[in-house]
Structures are given as structure tokens and as C-alpha cells.
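Commentary on secondary and tertiary structure
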Number of protein chains: 2
Amino acid sequence: MSFSLTKSFLKFTFRCNNTISVRLLCTKPFYKVPKAANAKVTQRKSLENQAKITKKFKQRLSDYLRTMATPEIEAKLAPLRAAVKEYADIIRELKANNAPQNDIAKAVVELKARKKKLEDTEIELMPKDAAFDRPKLEDLLKRRFFYDQSFAIYGGVSGLYDYGPMGCALKQNMLQVWRNHFIIEDSMLEVECSMLTPSPVFKASGHVDRFVDWMVKDVKTGECFRADHLIKNHAEKLKSDKKTSNEVKAELEDILNRLDGFDNNDMQNVIKKYDFKSPITGNDLTEPQAFNLMFPTEIGPTGDFKAYLRPETAQGIFVNFKRLLEFNAGKLPFAAAQIGAGFRNEISPRQGLIRVREFTMCEIEHFVDPENKSLPKFKKVKDMMMNLFSADAQMDGKSFTRMTIGEAVEKGIVDNETLGYYMARTNLYLLKVGVDETKLRFRQHMANEMAHYAKDCWDAEILTSYGWIECAGHADRSCYDLTQHANATNVKLSAERKLDAPKKISGLEIVPNKSIIGKNYKKTSKEILAKIGSLSIEEIKKVDETLNQSKEYEIETSDGLAKLSKDMLTVKPFEKTIHVEEVTPSVIEPSFGIGRVMYAVLEHSFRTREGDEQRNFLQLPPLIAPIKCSILPISSNERFEPIIESVVQLITAFGLTYKIDDSAGSIGRRYARTDEIGIPFGITVDFESEKEPHTVTLRNAATTEQVRLELLVVAEVIHKLCNSTTYTWDDVKKQFPLFISEQK
Amino acid sequence: MSFSLTKSFLKFTFRCNNTISVRLLCTKPFYKVPKAANAKVTQRKSLENQAKITKKFKQRLSDYLRTMATPEIEAKLAPLRAAVKEYADIIRELKANNAPQNDIAKAVVELKARKKKLEDTEIELMPKDAAFDRPKLEDLLKRRFFYDQSFAIYGGVSGLYDYGPMGCALKQNMLQVWRNHFIIEDSMLEVECSMLTPSPVFKASGHVDRFVDWMVKDVKTGECFRADHLIKNHAEKLKSDKKTSNEVKAELEDILNRLDGFDNNDMQNVIKKYDFKSPITGNDLTEPQAFNLMFPTEIGPTGDFKAYLRPETAQGIFVNFKRLLEFNAGKLPFAAAQIGAGFRNEISPRQGLIRVREFTMCEIEHFVDPENKSLPKFKKVKDMMMNLFSADAQMDGKSFTRMTIGEAVEKGIVDNETLGYYMARTNLYLLKVGVDETKLRFRQHMANEMAHYAKDCWDAEILTSYGWIECAGHADRSCYDLTQHANATNVKLSAERKLDAPKKISGLEIVPNKSIIGKNYKKTSKEILAKIGSLSIEEIKKVDETLNQSKEYEIETSDGLAKLSKDMLTVKPFEKTIHVEEVTPSVIEPSFGIGRVMYAVLEHSFRTREGDEQRNFLQLPPLIAPIKCSILPISSNERFEPIIESVVQLITAFGLTYKIDDSAGSIGRRYARTDEIGIPFGITVDFESEKEPHTVTLRNAATTEQVRLELLVVAEVIHKLCNSTTYTWDDVKKQFPLFISEQK
């Protein structure tokens, strides 16, 4: 994925009520924390404070969508919605009247502030019983080693996590499903590129200059804080202080609403005005400084080969464009994909797997003729219903609407078929791996969220206890990336489009005498030849005139002025018939942060067994469950061993993962233990099993129902339950007799 | 995998004929270039030189083993073998007589020199037709984008490679087979740990201090060269110079033979004596300097959190030992595994995928009771025949011998069952993915190759055109790693062993008053408590005496002397019954460099079609082939489209990858194109296919034979050919009629 670079083109300044100048400069729209339910905990806050916030959090948590419908809540939200709509209408009017860009942008800032107030209120009004008990889930994930902090015995590193056996298997399964769903089914070109990347690549892509966060430092200790986080924490504390006047409270409220759009000057003004200090020492703070989020390193022993760890996998695909086009026999469109690690040196990582320093991404770059983004296979997905949250709906303060992706493309809500196709495929993938559809929406970027080169962007957002989390972006990035790399390297990164009819063209061409230029200018000659190669027709005419006047033609090089004489350059007319024209492809980019999807799936799968509040379990889709079945002898009697061995053999033959639990402890307790790690099916071997033909019971963890069936068929049944899209537990119940056990 | 740290304990110096002092200091036994057929090309050598060497190479290349048996060659090798054996006998006698370590080590150096001469001669004597045409394979791999240099449009970075669609799929398949073969079949605990690793972790593991190569710099330009490579290149050039005297030639020969054991002083002596200069500028060179091979970076914005990119995945498993042991219910033995990237900042990477800066490793850490390394499932593999090249055989100048792993363990050639089990499993894996068994051997480390803590090490080496390449190591590392991390962190990294009978123990114990110590010594108190906790009984007695004399007990801390009074420490006798004792597990570590295995498989699969020297192809095992089948209409007639669509549907339903080639060009040419990328099976749709029931032909690329069979069964047949271990092409031929085509 690629971040939107140049919101800066939208920069503007104006004076608002509280005399803060506002600029929009957005550096990292992807992986941006959604505003609604930001974690309000800095890492250094006292435990006391954390507990308070956790409590407050619980009232805000999740099951958001279902609550939105109640009439009481709607009544309270109506005026806020109206306030948003008011500004949306103003903006539409401004646009219709071709108002200056500045005026529109000002209005957008106000609109966003109103929207934020609406969203905050929505969350506040959630019924308390909809709260999600995150600490309980976290305890389970840690205890059963799904994942945990890296290097904990060395004190740990924030933002780095190690996946244990359960998390690793879950993630691997999710990646395998991703690979099958996207790469194999659509015959994409999968690549695996280096993570170590030379600096010039990220200079061209814009990361070296603009992939930054603003931080402030304690002037005495040097301790660093992300400037926006610091302001947020201070402002919230001050706002909730009884001594603070209502006037100041309103000002702070306003700052919090607008904070996302602040640049360094805006932030400095706030810090100065309210005299915010280091939360740890109380010392003064420096002005906000830019901090590049890429991890730097050096390649080779000389120390002068600067490199970075890639913050995204996308650039590796772009720099391989030529090879991939060739692999595809020169034809457009085609899609390349990559699954791999990305690294971001977050100033203060937090929110568990949501904001980390090392993560796995799955990215697709679909290269397409910019003038034809239709896609024949779009018809296969066009009837899919999806939760679409358009920019218009956001402007109007509405919620998302359900419609088919076909309708959305037809109405121009989604820009083109290719983009729509990928959104639908993402929708299908997320449902496959266990995302709750009522907590999934595709949110369109508003104009001021997108980079200037981007045509249309839609984020797949999933509602978790951290709020709406962006888990996959879908951006039409036009030809930005290829153009940047082509300019930086002088390598043509384009494809050929067949002309409907051959075309005759004529003009002037310039032919350099390479050997003479080489002899005269040695190292610089490559640069000179490149410059000559990129001259426009107008410029070639000028060269011709200059040479005809028996003068030398001068070119600026990094080594000073180069003088080119008549024996070095020949200008002559040409005429030729062309059958193709060059085109720099547009790129449509779906980009997944797989750790985020995984965390969302874990939240959505977390259940409490009815009638037993203490018994939590994970109801993961069998397709991605780390272990497909448990094998439990009813007691630890040795006589069960041969039967268990037969079961294992069959299970293994079907490539299924299993876990034997023959420890002491009641069967009920052992069920609970396997339920907790999301094992969907359990095979129990009991005394009845010894009778021929041997039978076992099969338990469905989701419902705790059990059937009895022949040992010989159990592995095949589980295999079908895990891999078939049509065979379900209902089919099993129809096929085999229910078994009633006292233990569930 | 982990490198052997402390060959330095074997360091010694002596004067040999050519007055060069010799020390053994080996930093990186894994991924070390085998001596026999080292690439003799530095990256900067002129093209001319490269061509010469390539020619020389061809005479040396591969198919080595099969040639070793001819009697003429054996006759020439016999005296060299005898020379080796002579020294092996001397060493045995020295050992038997308990000779000083120094004397033995001296003799080992001589032995190694004689062994090298033998090996070089073996390669020289290879028949020319056994040569392997590497440039042809490389051309194919580049042209069909298996892999290629990273960032080529930016000039490329040596030692970094991007995998294209074919290489990526091949590697993914090899990894998936690895995961199934090792992790799933043996129920290992798979983990995925952070690549970014804080400095203290590698300080403890020894990498910060000792994971280095020696380099020399051009004193004027700063250009860097690996010291041993530089000496090798200079010495070889000088040796082949006609003007060089025979005496000097012999000296140089000797240097080349001993170079692997040189330390910085030895190398400096050589460079000084022969006045070796920079091969590029002719300038003088600095003395050899240590260069750490880990890529450094920093975590967070402050600049004081030093970190490295891991050079191996193993440490991530060790630091998670406690969690993993807990996951395994506290029981030994268990195995954890990790598949992931490692990074090494090679001074001069070369030999394609063999020595790279970023690579994928597969590592297993098997934790076992050091007093019981037997393994019940060893019986499953004990009859496997393997090519074992023991340290004894190497000492005697013999070749490897074939024997069962059971015999090897029984005779004590392989140290224990657990180690033997993994060697056998590796053998099976390598054969599964297509390594030629006649070019595979397991070579035991000789005493001076192993770290002092290692019990036994066996490398799986594969013969390629680069010589014998180490592709997987198998080391019994004893308790070294866990002990190092436990010492560095004061966290207990041990398991419990049940005692046969409960044991009563009594003694003195020391109980610190933590709150008083904490109050008095604040930050230092943690260190003080750790020191108190590690006191021996003798030391506790001394504390007791000191306190009884009403004196304060003094402890040295990093913050100066701490004085502990009677109210801070209580010493009292205790008596208790224990049922378990603590044990720090031994670690047995199989470690794979998967890129190397892949390259070896590509070489071993590379074939020329009989009767057509220009037609090369890859005969990859269907299990790992990037694409399982091609679909080729006999001509590009539209009428074939519905049949092709049916084939695709069936193929996809079986989860098989495919490639349709309906381009113009004869069917023979299209076969050649699919053979080249290792597609094992081809489905051809012809005019006969249109008749009902629809049929197609199925082609086996390995033999170019074809059968005709019903369209409805073709996908299942291919699926079985790719995944079953018993169903082969012979079965297909028995089942379906052969189809005779003119095109092969």
C-alpha cells in the first residue's frame, strides 16, 4: 500500500474562533487511528489512570451498529446530523459556484469537526451492555500464547509482538486463504521482494521526505512524545478538570475535533498557549520536529550505502514492473501481489496489534490502461451486497447504506469496475475469515483525505473495541508510482496500447554520436545522452538551429556545462507508421494489514458460554482455526490408546491439525480448554468406542452438540466441515444420530 | 541456526614452513563457502577474467560423485588419500597419548591442508562432460523471472534478490512442504518472532562481539574487500604467473590451503609479505578490521535504543522458551520451529542465491533433557539409508559411506537418537523436493569446526556447480543458548525433571527483606536481590558469620559497594522434600537456508532434451512445481473455448495451478515453453476433444509421453500425480491409452 503523499497541496491557513491557524497535512492515512474511539492511554500513564480509562472504554465499546437503530438514540442524534448536513450543503453550494479552493477547505474543516462530535455522541449513547470486555480477551490470548510482547524477558519492546503456536497457525491459515482467494483464483503474479531497500527508491516514492510524524522532546531528558498524542492527552485532562472555565473547555473541545488536520505550527501554537509540559517530568518541550517513520540502516561495509526497511511492500512491485509486464507477454491489465513484512518506526506504538512496528502486509497492484478500467469478471461479483459509506453520506452525517457493488459502480459512487471488483473480493475474504458483516463497512475517502493523484479510495473498516479500524485500503493511485520511478531512473515504465488503426507520424529526431560524446565526456556522457533522449520536438528544433549557426549546443550536467558540437549530434526529419502508442498504466491497489484483520476476527469470535459467564471461547471459522479438532479420551485409561492412534492416523491422512488432551480433569473442563483456543470440533473416545464397528462422538464447539459416528468417517466429515463451502453442521446432524452428553 | 562461537578457545600459534603464524578463529561455519570449488571471481574482476574462470569452472563442475568411482582417477588419488591418512593416524596417536591440545591442533591444520589438496585434485580429475552449464540455467531463471537482482532499475544491490512469479511459487511450495513435513507431521510449536531485535539479546548470544568478518580497506578510496577473498584472488593470480618462482608458488599453495583458518594477524602477515594492493586502484590496504555482519538500526525516536536485524531466527525461539514450555504443559521434550527472514550484511555477496544479504530460514529448536536424548519415534526412521561423511572418514581422506541412520547412532557415529531422527527427516525432505541423492551427503563437523559447547554437528551438503554447499545444519548445541539468556536476564530458563524418588534436602537459606533493601538502594536493589539469590551455600555461610559478628555484609554492584545489615538479610536453616529437580534443556537444532536448497534443486532439475541441445527444461517434482499443468489448445480456434473453460473449472476445483497458452506458435514450441518453467503436466485440447464424451490428452513433461483420457477425470489424475506418494506416471500409462503425437 502507499500512503497519500501530498495533502500538502491542500494546505491553507485561516483564523478560527480560538485563533489557531489550521493546515491540513496528512502523512499516514493508512493505519491511522480512527477518531471515534481512540485509546486514550499513553504508555507512561500511571496504572491508576489506565484502569479509569478502561472502565470508560467499556461503555463505548462495539456492537455499535446494532445500537444505532433505537429511536431514543436517533432522537438525540438528529440535531447533530442536521448540523453536519448544514455544512455539507454549504460545501456543495461552494463547489457548484466554483468558490476558491481555500473557502471550500475551510468549510471542510468545520464539517469534519461537526462530524466528529456526531460520532463521539454516537459512541457515548451506546447501551452499556454492548460493551466488549477486552481485558478478558487479552488475558486469553496471552495465556494461551496467541501472541505476546517480543523480548519480554529483556524488558520487552513496545510495538513488537511474537506470535505463539496458536497465533502463528491462525495467521498462516489466514494468509493461505488470502493467497488462494486472491492470487490463485485470479492468477495473479506473486512476487517476493527485498525488505532492505536503497534510499533512492524511497526518495523517488516520496517516503524519505514525507513519511513523517511530528514529535516533541522533553528539553532536559530528551524523552520523545508524538505531538498529536501529547496534545490530545493534555487537552482531555484539562477539559475534564472542574477548575477549567467553560470557555476554555469549549476551546479544547474544538482543538480535539480539529487535531487530525493540524500541522507542526498549529500544534506548537496549542502547546505554547496552554503551556503543555512533559507528562513525565513536567519539563518544557521542544517545538514539534519531523520524525521519519522508516527504520534506517546501511548496506555493505563502507557506511555510505544508505538503506531503509520498507514501510510497505508496494514499491518492490513497482520497481519490478518491466519484468512483470514482460512475464505477462506485454499485455495489460495484470495484477501482481506480494505477502511480506513492513516496518514503521512508530513514535509511540499502542493498541496491541493495531499499531505496531513490524507487521505482515498483503498487497495487490493491478496495472490497467488508464482509459479503460472496465473488467469482464466484474459481472461475477456485481450482485454482492455491501456496506458502503460514501463520501457524500459522511458529509451528510448519515450512516452507511447497503447496496450491490454493481449499483454502486453504475451510479458512479465507486469510480470503476476494477476498483469495485476488488472491494467485493475483499468483502468476501473478510467474511470468509470470520469478520462480522454488521461490523464491516467500506468508507470512501473524502476529497481532502486523498492524495492529489488518487482517483478514488475506499477503506475496509472493521468495528472493534478500538473503534472503526482500517484493515484494508483500496486506492486508484493513477500512474503516480510508475511515473516517479521512471523519472528517477530514466527507465521507461510503460506498456503499449494497440491503436485502432495504424498512424503515420513525422517529426525531427536527434541522433547522438555516442562514441565521440563518450570520449569527450566520459562519466558524464550517460547523463548527457539521457538528456538528449528526453528533448521535446521544440527543443530539438532549437538544437538544430544552434548547430546550423555553427555554434555548440550547451547542456547543463551535474559536472558543469557540456558543449556539444556538430560531430556529436545530428538532427534529421523522420516519418514512420506506428501501430501502438505508449501508455503509463494506472495502478489500483488493494492493501491489507493482516494483523489488524486477525485481531478484529478474534474480537468478533470471542464468546461467552450461555449460563456460564466465566467460560469464554473463540468461535473461529473452521477454515482458519489453528487446530481443526481435539481428540479426547473420556478417561486416561490405557485401553483407549489404540483407538486414539487410529483416529490420529485418519486425521493426519486428511492433513488436519489436531490436539490430544488425555490429561486428568473432567471432560467438561477439557472441552472448555479446547474451546478457548478456537478448536471447532472435538472427537471423544469413550467406552462405547470399543465396540465394533468402532465409533466416536463428534462435538461442534459452536453449539456444544454432539453426534455419534463411525471412526472410519470422522476425519472426512471434519475435513468437509473445514473446507467445503456447502457442507455444514446441519448436514452432519441429518446424517448421524445426536449424542446426548451431560458435559458440554 | 546459530554459528559456532568460540573456536577461539582453540586458538594457538606456531611457525610453519613459510613462517606464517596460524590461528584458528572461525566466525561463521554455517553458510561458509566450501573450499573445494570456491568461486574465484570477485565482483570487480574484468569480464575477460570472468570468462576464463567460467571455462575453468566448467571442467570442475558437478556430477562429481559418479565420477569418483573410475579406477584411473582412483589411482591418482590413492597417494593423496594416503597422505591424509598419515596425519589422521598421527592425530589419533596424539589423542590416545593425551598430548597437549596445542600439538593436536597443529596436526589438525596440517591434516586440513592435505585434505584440501585431495579435494582439489578430485575436482580437477573430473571428466569434462560432467561439467554443468550454469550460464544456461541462469539465463533461463532470469528470462522466465524465477528470481533476479533487486532494484535493478536503480542499479541493483548485490546480495539482494527479488523472486518473480515462478520463483515465488516454487519457494512457497517448498516452504509449505517443509511446514507439513516438519511442523504438522511432528506437531511442533510454530512461532513467528520479530526480526527487529534489541542489542542486548545479541550481546548475550555472542553475535555483537563475534559475528564478524575481517575486511581491508583501500587507504585512499576507502573501498572495502573481504580480507580472505582478497588474499585468495591475489595468491591465485600470482601462483599462475609464469614469472613466479617455484618456491614462492609452493608457499602460495600452502597459504591457499590454510587460509580458512587464518585470523587477522595471519592475513596481515600475508598481505604485508607479498605486498598485496587494492585490485582496483593499486593503492595500499589497511590492516584487517573486524566488521560485524548484522544490520544495525534504532527503534523509536530517541536514538538510544540500538537494535539489529536478526541474522538467524533461533534467538526468537530461545527468548520465548518459558512461554513455549508452559504451552507444552511444562513437559520435555518438545520442538519449536520458525520460518522467517534472516539478514547478514555480507562484505562481498556472490554466487547468486548462495551468499545473500536477506534470506529465508527454517529453523527447529528441539528442547530435550540433556541426560536422555533418546526418542521413541526414532524407530520409524532407523532403517533409512543415508550418505554419511563422518569426521573420521574426512580425517582418513575417505569419501562418505552409505549406511542406515540406525546403524550410525548405534555405533556412536551420530551422537544420539534425536539428532539422528532430524538428520533422517531432513534427508527425506530434501529428496521429496527434488535433491539428487547421489549429490547429497551429511558431513560431520570435525572437532575444530565446532563451538566448544556443541556436542555433535552434521551439515546436509548438496553438490552444485559451486561445489558442496551447506544447505542445512544439524547441531546439538547443549544448553548454551538458554544459559546465556538466563544469565543476561536473571530469568530462569529451565524445566523440571521428575525424580525417581522424592528426596529430602536441607541447607541454609537466605531471605532478603525486600522492602528495606528497596528503600535503601532503590534502582540498585534489583541487582542486589539477584546477587543474593545466586549465592552458593558456602557464601551464605559466610554471610551468616559476617552478620553474626554484627558487621554489614558487602556486595559489589554496578553502583558501587552496597552494605547490607541484619535487618535486611535473615539466614536460617531449612529442610524440604523435593519431587523434581531443575534442568536446563539441551537444544538440538536443524536449520535450513531454503534459498540454497531451492537453488540446488533447480540445478539438479535442469535437463537438456535428448537430441536437441538448445532445448533445456526443468524437471521439478510435481509436488513443488510452481504451476502444475498447462492447458494448450492445438490451435487458437475459438471453438475450443468452452472445452478449455470446463478444464479450468475442474482444475481449479482441485486447487491446482495452471497456465493457458493459446498463443500462436506450434504446439511443440509451446510445449518447450512450458517445460522450461518446470510445468510437469500438459493438457492438450484438440479436434478429437469435441467428440462426446469429451477427451483431452495428458502429457508428462519428464518423458514427453502422452495419454488420452476423459476430460472429467484429468484434474483428479493430475492432483494425484502431484500429491500422492504412490501414484505415478506408470499407473497413468496402465490406466489410459498412449497417445502418439508428432510433437514432443
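Residues numbered from 1 in each chain as written. Chains lettered and ligands numbered in written order. Predicted model: local features only at pLDDT ≥ 70, side-chain atom pairs only at ≥ 80, totals over all residues. Heavy atoms only, no water.

1. Topic: the packing of helix 6 (residues 165-184) of chain B against helix 21 (residues 594-605) of chain B
All names here are of chain B. Direction vectors running N to C along helix 6 and helix 21 enclose 115 degrees, while the axes themselves pass 11 Å from each other. Comparing the axis directions of helix 6 and helix 21 gives the class roughly perpendicular. Seen along the crossing, helix 6 lies across helix 21 with a hand that is right-handed. For the pair helix 6 and helix 21, contact is made by Gly-167, Leu-170, Lys-171, Met-174, Leu-175 and Trp-178 and by Ile-594, Val-597, Met-598, Val-601 and Leu-602, respectively. A class-by-class count of the residues in the contact of helix 6 with helix 21 yields nine nonpolar, one polar and one charged. (Axes fitted to C-alpha atoms, helices over the stretch in contact; angles between N-to-C directions. Helix = DSSP H or I, 4+ residues; strand = E, 2+ residues; numbered from the N terminus. Parallel < 35°, antiparallel > 145°, perpendicular 65-115°, else oblique. Left-handed = near helix turned anticlockwise from the far one by under 90°. Contact = heavy atoms within 4.5 Å. Nonpolar A, V, L, I, M, F, W, Y, C, P; charged D, E, K, R; others polar.)

2. Comments concerning the environment of Leu-569 of chain B
Residue and element names in this part refer to chain B. For Leu-569, the location among the structural elements is in strand 20 (residues 569-583). What makes Leu-569 buried here is its relative accessible area of 3%. Leaving out residues up to four positions away in the same chain, Leu-569 has contacts with Ile-510, Val-511, Pro-512, Ile-517, Ile-532, Val-543, Leu-547, Tyr-553 and Leu-564. (Buried < 20%, exposed > 50% of the residue type's maximum accessible area, 1.4 Å probe, protein only.)

3. Thoughts on helix 10 (residues 246-258) of chain A
With 13 residues, helix 10 of chain A extends 18 Å between its outermost C-alpha atoms, agreeing within 8% with the 18 Å of an ideal straight helix rising 1.5 Å per residue. Among the residues of helix 10 of chain A, Glu-251, Leu-252, Asp-254, Ile-255, Leu-256, Asn-257 and Arg-258 of chain A are the ones counted as buried. (Expected span 1.5 Å × (residues − 1).)

4. Notes on the nonpolar core
Phe-146, Tyr-147, Trp-178, Ile-405, Met-423, Tyr-429 and Leu-602 of chain A are the most contacted members of the largest nonpolar core, which totals 139 residues. Sort the elements by how many residues they give to this core and helix 6 (residues 165-184) of chain A lands first, with nine residues. Excluding residues within four positions of it along the chain, Leu-602 of chain A makes contact with Leu-137, Leu-141, Phe-146, Tyr-147, Leu-170, Leu-618 and Leu-620 of chain A. Within the second largest apolar cluster, 70 residues are counted, among which are Val-177, Ile-594, Ala-600 and Leu-620 of chain B. (Core = buried A, V, L, I, M, F, W, Y, C linked by side-chain atoms within 4.5 Å.)

5. Looking at the state of the cysteines
Throughout the structure, instances matching the rule amount to zero disulfides over all chains. Free cysteine: Cys-722 of chain A, not disulfide-bonded; nearest cysteine sulfur from Cys-629 of chain A at 7.7 Å. With a relative accessible area of 4%, Cys-722 of chain A lands in the buried category. A disulfide-free cysteine, Cys-471 of chain B has its sulfur positioned 12 Å from the sulfur of Cys-362 of chain B, the nearest such atom. For Cys-471 of chain B, a relative accessible area of 1% translates into the label buried. (Disulfide = S-S within 2.5 Å.)

6. Observations concerning the interface of chain A and chain B
Each side of the interface is counted separately: chain A has 71 residues, and chain B has 71 residues. The interface formed by chain A and chain B includes four salt bridges. We note a salt bridge from Asp-148 of chain B to Arg-323 of chain A, for which the minimum N-O separation is 3.4 Å. At the surface where chain A touches chain B, the tally comes to 28 residue pairs in polar contact (both at pLDDT 80 or more). Broken down by element, the residue count for the side of chain A that touches chain B peaks at eight residues, all from helix 6 of chain A. Of the residues belonging to the side of chain A that touches chain B, the class tally is 41 nonpolar, 18 polar and twelve charged. (Salt bridge = Lys/Arg side-chain N within 4 Å of Asp/Glu carboxyl O. Polar contact = N/O pair within 3.5 Å; in protein donor to acceptor, adjacent residues only side chain to side chain.)

7. Observations regarding the pattern of salt bridges
Tallied over the entire structure, the rule returns 97 salt bridges over all chains. With a closest N to O distance of 2.9 Å, Lys-492 of chain A and Glu-582 of chain A form a salt bridge. Remark: Glu-582 of chain A occurs in strand 20 (residues 569-583) and Lys-492 of chain A occurs in the loop between helix 17 (480-489) and strand 17 (495-512); sequence separation between them is 90 residues. We note a salt bridge from Arg-615 of chain B to Asp-675 of chain B, for which the minimum N-O separation is 3.8 Å. Here the residue Arg-615 of chain B occupies a position in the loop between strand 22 (606-608) and strand 23 (616-618), and Asp-675 of chain B occupies one in helix 23 (residues 667-676), the gap between them amounting to 60 residues. Overlapping salt bridges, with partners in common, bring together Lys-85, Asp-89, Arg-92, Asp-392 and Asp-396 of chain A in one network.

8. Topic: the UniProt feature "domain: Aminoacyl-transfer RNA synthetases class-II family profile" (unreviewed entry) in chain A
Sequence positions flagged by UniProt for "domain: Aminoacyl-transfer RNA synthetases class-II family profile" (unreviewed entry) are, in local numbering, residues 246-622 of chain A. Split by type, residues 246-622 of chain A is 30% helix and 32% strand. Its first and last C-alpha atoms lie 54 Å apart. (UniProt positions renumbered as here; feature names shortened; annotations may be inferred.)

9. Some remarks on the relation of the copies chain A and chain B
When chain A is brought onto chain B, the operation consists of a screw motion whose angular component is 180 degrees and whose axial shift is 0.0 Å, with 0.2 Å RMSD remaining. The transformation relating the two chain copies, once decomposed into turn and shift, fits a two-fold axis. Ranked by how close their C-alpha atoms come to the rotation axis, the residues of chain A are headed by Thr-297 of chain A, at 2.7 Å. Most of the interface of chain A is mirrored in chain B, where 100% of its interface residues again form contacts. (Least-squares fit on C-alpha atoms with pLDDT ≥ 70 in both.)

10. Some thoughts on the sheet that holds strand 4 (residues 196-198) of chain B
Residues and elements named next belong to chain B. The strand order across the open sheet built from three strands is 4-9-8, with neighbouring strands paired in antiparallel fashion. Strand pairing shows two members of the sheet lacking a second neighbour, strand 4 and strand 8 (296-298), which therefore form its edges. Direction aside, the axes of adjacent strands within the sheet are offset by 45 degrees on average. Looking at chain direction, strand 4 and strand 9 (residues 306-309) are connected through three bridges and run antiparallel. Within strand 9, the position partnered with Thr-197 by the bridge is Tyr-308. (Pairing = 2+ DSSP bridges.)

11. Digging into the side chain of Arg-699 of chain A
Turning to its location among the elements, Arg-699 of chain A is positioned in strand 27 (residues 695-700). One polar contact links Arg-699 of chain A to Asp-675 of chain A, side chain to side chain, over a distance of 2.9 Å.

12. A few points about the sheet that holds strand 14 (residues 440-444) of chain B
Residue and element names in this part refer to chain B. Strands sit in the order 3-10-11-21-16-15-14-12-13 across an open sheet of nine strands; the sheet is mixed. Edge positions in the sheet fall to strand 3 (189-190) and strand 13 (401-404), since each of these pairs with one other strand and no more. Across two bridges, the pairing between strand 12 (residues 385-389) and strand 14 is parallel. In the strand pairing of strand 14, Phe-389 is matched with Arg-443. Sitting on the sheet, helix 16 (residues 417-432) is in contact with strand 10 (334-343), strand 11 (358-368), strand 12, strand 14, strand 15 (456-464), strand 16 (467-476) and strand 21 (586-593), with an inclination near 145 degrees to strand 16.

13. Considerations on the packing of aromatic side chains
Scanning all chains against the criterion turns up 36 aromatic pairs over all chains. With a centroid separation of 5.6 Å and an interplanar angle of 80 degrees, the aromatic rings of Trp-178 of chain B and Phe-592 of chain B are classed as edge-to-face. On the criterion of sequence distance, the pair formed by Trp-178 of chain B in helix 6 and Phe-592 of chain B in strand 21 is long-range, its members being 414 residues apart. Comparing Trp-178 of chain B with Phe-592 of chain B, the two get one shared label, buried. Here the aromatic rings of Phe-321 of chain B and Phe-334 of chain B are separated by 6.1 Å at their centres, their planes lie at 20 degrees, and the arrangement is stacked. With Phe-321 of chain B in helix 13 (residues 321-327) and Phe-334 of chain B in strand 10, this residue pair connects regions lying 13 residues apart in the sequence. The burial state of Phe-321 of chain B is the same as that of Phe-334 of chain B; both residues are buried. Cluster of aromatic residues (ring-pair linked, three or more members): Trp-178, Phe-182, Tyr-429 and Phe-592 of chain A. The positively charged end of Arg-609 of chain A is found above the aromatic ring belonging to Phe-617 of chain A, 3.8 Å away from the centroid. In this structure, Arg-134 of chain B is placed above the aromatic ring of Tyr-466 of chain B, and the distance from its NZ or CZ to the ring centre is 3.7 Å. (Phe/Tyr/Trp six-rings, centres within 6.5 Å; stacked < 30°, edge-to-face > 60°. Lys NZ or Arg CZ within 6 Å of the ring centre and 35° of its normal.)

14. Examining unusual backbone geometry
Residue and element names in this part refer to chain A. Put simply, Leu-332 and Pro-333 share a cis peptide bond, and its omega is -10 degrees. Relative to the helices and strands, Pro-333 is located in the loop between helix 13 (321-327) and strand 10 (334-343). Omega for the bond connecting Glu-692 with Pro-693 falls within 30 degrees of zero, at -10 degrees, which places this linkage in the cis form. Positive phi outside glycine occurs at Asn-490, with the angle close to 60 degrees. Within the secondary structure, Asn-490 is located in the loop between helix 17 and strand 17. In this structure Asn-490 comes out as exposed when scored by relative accessible area, which is 59%.

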